[in-house]
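Structure at a glance
Residues per chain are reported as follows:
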Amino acid sequence: MSSPSSSSSSLDRLKPAVPVFVATTVMLTFISFWRAAAIVLSDLASSAYYVGGDTENVIGKSAPWFVLAVMLFSYAVRAVYIESSSMFVRGGVYRVVKEAMGSTLAKLSVSALLFDYVLTGPISAVSAGQYLAGFVDEIAKYFKHPIVFNENYFAAASAVLVVLYFWWKNLQGIHESSGKAMFIMKVTTVMVIILIVWCVVTIL
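For the structure given in this document, a descriptive report is provided here. Computed from a predicted structure; not experimentally measured.

Criteria and cut-off values
- Position numbers for residues count from 1 along each chain, tracking the sequence in the order it is written.
- Reporting of local features is limited, given that this is a predicted model, to residues whose pLDDT is at least 70; pairs of side-chain atoms are given and counted only at 80 or more, and all residues count toward the totals for whole chains, interfaces and linings.
- Excluding hydrogens and water, the side-chain figures rest on all heavy atoms present in the structure.
- Secondary structure counts use DSSP, requiring at least four H or I residues in a row for a helix and at least two E residues in a row for a strand, with both numbered from the N terminus.
- The classification of residues rests on relative accessible area computed with a 1.4 Å probe and restricted to protein chains. Under 20% of the type maximum is buried, over 50% is exposed, and intermediate values are partly exposed.
- Pairing of aromatic rings covers Phe, Tyr and Trp, the last through its six-membered ring, and needs centres within 6.5 Å; plane angles under 30 degrees mean stacked, over 60 mean edge-to-face, and all others mean tilted.

The phi dihedral of Lys144 falls on the positive side, at around 65°, and the residue is not glycine. Assignment of secondary structure puts Lys144 in the loop between α5 (103-142) and α6 (151-172). With a relative accessible area of 69%, Lys144 lands in the exposed category.

Structure (structure tokens):
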């Protein structure tokens, strides 16, 4: 007669491995502070490059006031979130908003968050493609060899490549994707410094 320990070990050997996929911010605790900050800032910083121009095209010269209103509203939401975190309200966005404002607004908040996650990457990639298309066009004109191409198609094609590349990197794990996010934030920081210096020089 076999012992219970031997039977349990044989059952463990027969059980297939179960793949586990964790898609929460808890995974940020397994990487360094700077890598986690790079992932979060990539979402915010990428939006800062195109939100002003897109808003002005739709609204007009009063666009900065609308952007400021959204930022003030976001600051109020942030205050509620920090308060709920200090009160140890368990769960993510849905639980926090439900405790503060009710289930209807909680569902609306989660829907908006999912909408943001789905659209932020492609929109940022298309905007980057448009910047790149303009850069290529200006460089070609500067060297007296203009290139005739459709900037919208160029931006869309580059956006598809970027999205596929980061989808592949995310499949490799958070260390790979966070490393790329860290590199992007370094390049973005240099670009912002150059942009601010050039704006100051232009104004002067």
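Below, the discussion takes up the packing of aromatic side chains. Under the criterion given, the structure shown has 4 aromatic pairs. Each ring, one from Tyr165 and one from Phe166, has its centre 5.4 Å from the other, and the planes form 85°; the classification is edge-to-face. Relative accessible area serves as the criterion here: at 27%, Phe166 is assigned to the partly exposed category. Here Tyr165 and Trp168 contribute two aromatic rings whose centre-to-centre distance is 6.2 Å and whose plane-to-plane angle is 55°, an arrangement assigned as tilted. Taken together, the positions of Tyr165 and Trp168, both in helix α6 and 3 residues apart, correspond to about one turn of that helix.

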